[in-house]
Every structure is written in C-alpha cells, then in structure tokens.
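# Geometric and topological summary
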Amino acid sequence: MIALRPGVVLVDVERSGVVESVHSGHVVILNGDDVIELGDPRQALFPRSSNKPLQAVGMRRLGLDVPPPQLALAAASHSGEPQHIEGVSAMLASGGFGEDDLDCPRAWPLDEAARTDARGQRRITMNCSGKHSAMLLTCRANGWPSKGYLAADHPMQQALRDTVGQLAGEPVAAVGVDGCGAPLFALSLVGLARAFRRLATADGGAERDVADAMRAHPALVAGSGRAASRLMAGVPGLIAKDGAEGVFAAALPSGAAVAVKIDDGAQRAAERVAVAGLRRVGATGAVVDELVTAAVLGGGEPVGTIRVRPGLL
C-alpha cells in the first residue's frame, strides 16, 4: 500500500495577526535545469483530476476527433454551468450516445448558481462528465465496447495508463479508482510536472492539441471564478489543472512547471502554493497577484490572509 509521507509546512492561515492554522505538503518547481523541491515530491501519490489533461492526450492519440471546446471538456473538471452541459451534450450526441451511457455517478453541479437551478443530481452535471463522454467516443473510434469502459483492463484504460506513464517519464506506481469511477494512475509530483511541461512546450501532436484547447477555452476546463480557469485566462500560454485532495499542476510555454500536493487535501492551500511557484518562475499579471493570497474573513470583512510561508518560494 502507498502511504503518503507528510511534507513540510507550506501555508499559514493568519487571522487578526495570529496564525490559527497551517497546511503542510509537497511541491516541485521545474525551471530549465533548476529544480526546487519541498517535502517529498518524488513519492507516488494520486494526482486525481490533474491527470485529466494527460488522459485527454491519450484519447487524442487513440483517435478522439472532437473540436477544441470539446477537447477542453475532455480535460476538464467542469462546474456544471450551462456552457459545460451544452458542450458535453454535444459530445455525447456526436457519437450517438446519451446521458444514460455515462458511467460516472450522479452529482450536483459545482457552480452555486447552476446547483440552485438544477432539478436534481445528474450524470451530466458531474464534473467529470466531459472526460467520460470523451472515453465513450474513444471507444467508438476504436471499435471497443462502451459497456464496461471504466474497467482497468479495458483496452482504452490500458492505453491511457501507458500514455500517462510515458508523459510523466516514469511508470505508473499504482492504479486506483477515482471519485468518478475511472481508473486513477499514481505518479510522483515530479512526474506530473514533467508531463505538464511536455504539454505546455509541445510543438505538435496530441500534446499540443490538448494544450491549445485548454488555452483557448479556459472557462470550460474549470468554471466561473475557479483558479485554473482564471490563471489560464490571465497568464498567456499557461496550462493549469486542479485535482481533488489538494493537488494542482501548471506549466508555462517556457517549460517552467509546478506541481503541488497538500497533505490535508485543502485546495485553498494548493492554489496559493501553485501560484507562488508560478510567480517564482516568472508568471506575472493581475490574476497572479490576486490569487497568490486569499482573504480570511471576520464579520464578512478581510481580517487576515492565507499565504505561502514567507521565505519558502
């Protein structure tokens, strides 16, 4: 069994001058020949949905032929907003599939407004429905059965495992089951950062297709107000993807890449560390300045900050 070894304290949560909470974890920054490591970023872990762009590359290599907005949705953890549901519906229809063909669980939209308008939990509003729709289309393109497409021994899943390991430059350390039911491939943060660097610097092929789709349609990769979408919209050429349990990965077209895992799974901490890492390797702009810290509220007003511990990055 893989057991995550604890990292180092990366983030302080300060309220009214008192640090009331801390988040520990792991981070790697690749910048040319320079490598910055905090914690233990070479141990195997589950990147969760940060793997999705790598799986999208694998599906593209296997013949997934969809327009860029739908390719962005294949790499997405979408918020279930109307634009997301319309795109996923179009993906399914293009292959003769319907919502009932999805094997992801039913879920509420992540977006608050969309959740308020929803009439109930649905498979298509589950944040991974774009990836699952792409998996169905990939099966159709290869003549593979779509029933049972989530089985780890399905030929598509075996091919995706090979692609993920090849992009990361290391073998997949373990296979689990993700929250959406799909096989989940364990990597190190170093491998995850290498894979994102490959996508961000690709000059052609499936890697470039996926990276360009994410860059052109950042709102489809996550959703309104979410860090990954805001960063890609505000930093030219960036690709970024969050993952459950405090994972975040991003890379610039320069080849600089950052991958983060927070021990307690806090996304608020993962986002701060990832943005601080991107700033360290030259990312600039208003969105970087806005997201490098987050406010702590008291009585509805800012009374402190969530920030990377001074001096670390």
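Parameters and conventions
Residues numbered from 1 in each chain as written. Predicted model: local features only at pLDDT ≥ 70, side-chain atom pairs only at ≥ 80, totals over all residues. Heavy atoms only, no water. Helix = DSSP H or I, 4+ residues; strand = E, 2+ residues; numbered from the N terminus. Rg over C-alpha atoms; globule rule 2.2 N^0.38 Å. Contact = heavy atoms within 4.5 Å. Areas by Shrake-Rupley, 256 points an atom, 1.4 Å probe, with all protein chains shown as cover. Lys, Arg positive; Asp, Glu negative; His and termini not counted. Charge placed at Lys NZ, Arg CZ, Asp CG, Glu CD. Axes fitted to C-alpha atoms, helices over the stretch in contact; angles between N-to-C directions. Parallel < 35°, antiparallel > 145°, perpendicular 65-115°, else oblique. Nonpolar A, V, L, I, M, F, W, Y, C, P; charged D, E, K, R; others polar. Salt bridge = Lys/Arg side-chain N within 4 Å of Asp/Glu carboxyl O. Buried < 20%, exposed > 50% of the residue type's maximum accessible area, 1.4 Å probe, protein only. Pairing = 2+ DSSP bridges.

Of the regular secondary structure elements, the protein holds 12 helices and 12 strands. For the protein, the C-alpha radius of gyration of 19 Å lies close to 20 Å, the compact-globule estimate for 313 residues. Along the first, second and third principal axes, the C-alpha atoms of the protein reach 60 × 45 × 40 Å. Taking contacts inside the protein between residues at least 6 apart in sequence as the whole, the part at least 24 apart equals 61%. Of the roughly 12300 Å² of accessible surface on the protein, a fraction of 50% belongs to carbon and sulfur atoms. The protein carries 31 positive and 33 negative side-chain charges, and their two centres are separated by 2 Å.

A separate point is the packing of helix H6 (residues 155-168) against helix H7 (residues 189-201). If you want to describe how two helices pack, look at the angle between their axes and the distance between the axes. At a minimum axis distance of 7 Å, the contact between H6 and H7 shows a crossing angle of 90°. In terms of axis orientation, H6 runs roughly perpendicular to H7. Seen from H6, the contacting residues are Gln166, Leu167 and Ala168; seen from H7, they are Gly191, Arg194, Ala195, Arg198 and Leu199. Of the residues that constitute the contact of H6 with H7, the class distribution is four nonpolar, two polar and two charged.

What follows is about the pattern of salt bridges. With the rule as written, the count across this model stands at 18 salt bridges. Of the charged contacts, one joins Arg309 and Asp12 as a salt bridge, the two residues approaching to 2.7 Å between their closest N and O atoms. Residue Arg309 is located in the segment after strand S12 (301-308), and its partner Asp12 is located in strand S1 (residues 8-15); the two are separated by 297 residues in the primary sequence. The exposure class of Arg309 is partly exposed, given its relative accessible area of 33%. You can call Asp12 buried: its relative accessible area is 5%. One network of salt bridges, in which partners are shared, links Arg61, Arg198 and Glu207.

Bringing the pairing of S1 into the picture now. Of the strand pairs in this sheet, S1 and strand S2 (residues 18-31) are connected by seven bridges, and their pairing is antiparallel. Its bridge partner being in S2, Val9 is matched across the sheet by Ser24. Between S1 and S2, which pair antiparallel one after the other, the connecting turn spans two residues, and Ser16 there sits at a positive phi close to 50°. Pairing of S1 with S12, which is carried by five bridges, proceeds in the antiparallel orientation.

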